[in-house]
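Coordinates in review
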Amino acid sequence: MEYRIKRQVDTQVLRRDRLLNTLTWLQKLMLLGLIASIVLSLYAFRTNISDAYVAYRTRVQLSQVAENSRIYFEPDSTNSFELFGSSLAVLNQSSFRLYSPTGSEQLSLSRISSMPAMSVSDSFTMLYSRGSPDITVATLTAQQGIVSVSGGIINVTQNDAGCMAVVHDDSRYRSVVSVFDNTQNLIYEWKTSEYYLLTAAISPDSKTMAAVALTQEDAEFVSRLVFFDLGVEAIHASYDLSGTMVTDLVFLDNRTLCAVGDDRTVIVSRDGEAVWEYGYGSDMLRACTYDGDTCILATVDRTSGLSAKLISLTPDREPIVVETEEVRGIDLGGGYLSILYTDTVEIRSQDLEIRSKPVTVYDVRYVFTVADGRTLLVYSSEAGIVDMIAPFALS
């Protein structure tokens, strides 16, 4: 009998121990769940706080901008921006809007386009859709008219006088470039069955046009820069860039042209002679900007992405190269270069001399140089002009 009593006691103790172990395991499980819940809540809270902080810092930055230079616009993933004088031009697939520095809406045009683009000069903004034959001409306050060409548009460029070069398709030719004066009258056309044209440019005095003609020699593609005296049909001069795809073209003055390619940038005279050439080597082009006789390039190391450079090119001196951190955007105007890095903005001269200390910024998408070192900071739905020189000048 004592044996049976002892066995019952042992069984009860075993059941109790198992129950205690089960309760302990459940407590640990509940504790782990509670900890996981707290961690996830903290992570979500941290994300909300981070987003709120970025929004707060954006408000703080814009609150430091003079109230008369605040601009509000509708956020849109397709928004593209340009500076038209000191006004901000905003283009997307459904509309074009122009805002003064004070934030007032100067012009609003409805547009429906899957591939909208614009070309801005000191005189006009040209709005077009790639593949469409029509160009809308706008001033600071009104739509001035519509220009039409014979085929789908590939590219539109202007000089500051408002003279326009339009590269477009044509049913009878491979490519055509049509040139219009600043009253939108057709003054010159070059039609070619030999080349595919990529882009064109017009000299400041509106007397010379250059175009990029894509051809092939010995199984290698060639970007041929062709120069024309407007009014003369024959090619005046040419310059070949073998193995280079030219993506941008601009006259630095009446006699020299800057051609920006995917592996090098060259400055060429209107007579087809090389002035300067800068090869990127192991770097790739990140951004470029122009003003007057100066072109600024931003490059980054193609493999590591850790090394970056700024390069200043003009016709009358050797290229200036400085090492820097990776650049997100640049804009040159009035002799000042606004540079957007990952989280700072800096001002340099067109010769890349530092003009201001780096200024920390939050959530800035684009920068534009307005005048005298003032910079237009563009956020996702707001913009404002900030003086980057006076408050942040080097001591």
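Scroll up for the structure.
The sections below set out a description of the structure shown in this document. On a predicted model such as this, the values are computed, not experimentally measured, just so you know.

Notes on the pairing of strand 3 (residues 87-91)
Most of strand 3 is tucked away: five of the five residues are buried. Of the two faces of strand 3, both are covered, the one formed by Ser87, Ala89 and Leu91 as well as the one formed by Leu88 and Val90. As paired strands, strand 2 (residues 80-84) and strand 3 are joined by five bridges and run antiparallel to one another. Considered in strand 3, the bridge of Leu83 is made with Leu88. Hairpin connection between strand 2 and strand 3: a loop of two residues separates the two successive antiparallel strands, and Gly85 in this loop has a positive phi of roughly 65°. Pairing of strand 3 with strand 4 (residues 95-99) involves four bridges; the strand directions are antiparallel. Its bridge partner lying in strand 4, Leu91 is registered against Phe96. Where strand 3 folds back onto strand 4 in an antiparallel hairpin, the turn is made up of three residues.

Let's talk about the pattern of salt bridges
What the rule picks out here adds up to 17 salt bridges. In this structure, Glu382 and Arg70 form a salt bridge, with 3.9 Å as the shortest nitrogen-oxygen distance. Within this pair, whereas Glu382 is found in strand 32 (residues 382-387), its partner Arg70 is found in strand 1 (residues 70-72), the two being separated by 312 residues in sequence. Across this residue pair, the class does not change: Glu382 and Arg70 are buried. For Arg365, the salt bridge identified is with Asp363, shortest N-O distance 3.7 Å.

Some words on the pairing of strand 15 (residues 208-217)
Regular strands place their side chains on alternate faces of the sheet. Of all ten residues that make up strand 15, seven are buried, and the element is covered over most of its length. Direction of pairing for strand 14 (residues 196-202) relative to strand 15: antiparallel, over a ladder of five bridges. Opposite Leu197, over in strand 15, you have Ala213 as the bridge partner. Between strand 14 and strand 15, which pair antiparallel one after the other, the connecting turn spans five residues, and Ser206 there sits at a positive phi close to 60°. The turn joining strand 15 and strand 16 (residues 220-229), which pair antiparallel and follow one another in sequence, is formed by two residues; a positive phi near 55° is taken by Asp218.

Focus on the state of the cysteines
Within this structure, the stated rule accounts for zero disulfides. Lacking any disulfide linkage, Cys258 is separated from the closest cysteine sulfur, that of Cys295, by 3.8 Å. Given a relative accessible area of 0%, Cys258 falls into the buried group. Its sulfur unpaired, Cys288 is 5.8 Å from the next cysteine sulfur, which belongs to Cys295.

Some details on the environment of Val166
Secondary-structure assignment places Val166 in strand 11 (residues 164-170). We classify Val166 as buried; its relative accessible area is 0%. In sequence terms Val166 and Ile135 are 31 residues apart; their C-alpha atoms lie 9.5 Å from each other. Leaving out residues up to four positions away in the same chain, Val166 has contacts with Ile135, Val149, Ile153, Asn155, Val156, Val176, Val177, Ser178 and Phe180.

Some thoughts on the environment of Thr247
Assignment of secondary structure puts Thr247 in strand 18 (residues 246-251). Looking at Thr247, the relative accessible area reads 51%, which means it is exposed. If sequence neighbours within four positions are ignored, Thr247 has contacts with Val260 and Gly261.

Looking at the nonpolar core
Judged by nonpolar contacts, the single largest core of 16 residues is most densely connected at Val177, Trp190 and Leu197. Secondary structure elements with two or more residues in this core: strand 11, strand 12 (173-180), strand 13 (186-192), strand 14, strand 15 and strand 16. Within the second largest apolar cluster, 15 residues are counted, among which are Leu225, Leu249, Leu257 and Val266.

About the thresholds
- Every chain is numbered on its own, with residues counted from 1 as its sequence reads.
- Where totals are concerned, whole chains, interfaces and linings use all residues; where local detail is concerned, this predicted model gives features only for residues with pLDDT of at least 70, and gives and counts side-chain atom pairs only at 80 or more.
- In computing side-chain values, all of the structure's heavy atoms are included and hydrogens and water are not.
- Relative accessibility decides the category of a residue: with a 1.4 Å probe and only protein chains considered, values under 20% of the type maximum give buried, values over 50% give exposed, and everything between is partly exposed.
- Per the convention used, a helix needs a DSSP run of H or I reaching at least four residues, while a strand needs a run of E reaching at least two, with both numbered from the N terminus.
- Here, any two strands with at least 2 DSSP bridges between them count as paired.
- For this document, the term salt bridge refers to a Lys or Arg side-chain nitrogen within 4 Å of an Asp or Glu carboxyl oxygen.
- In what follows, a disulfide is any cysteine sulfur pair within 2.5 Å.
- Any two residues whose heavy atoms approach within 4.5 Å at even a single point are treated as in contact.
- Within this scheme, the nonpolar core is defined by two criteria: the residues are buried Ala, Val, Leu, Ile, Met, Phe, Trp, Tyr or Cys, and they are joined through side-chain atoms within 4.5 Å.

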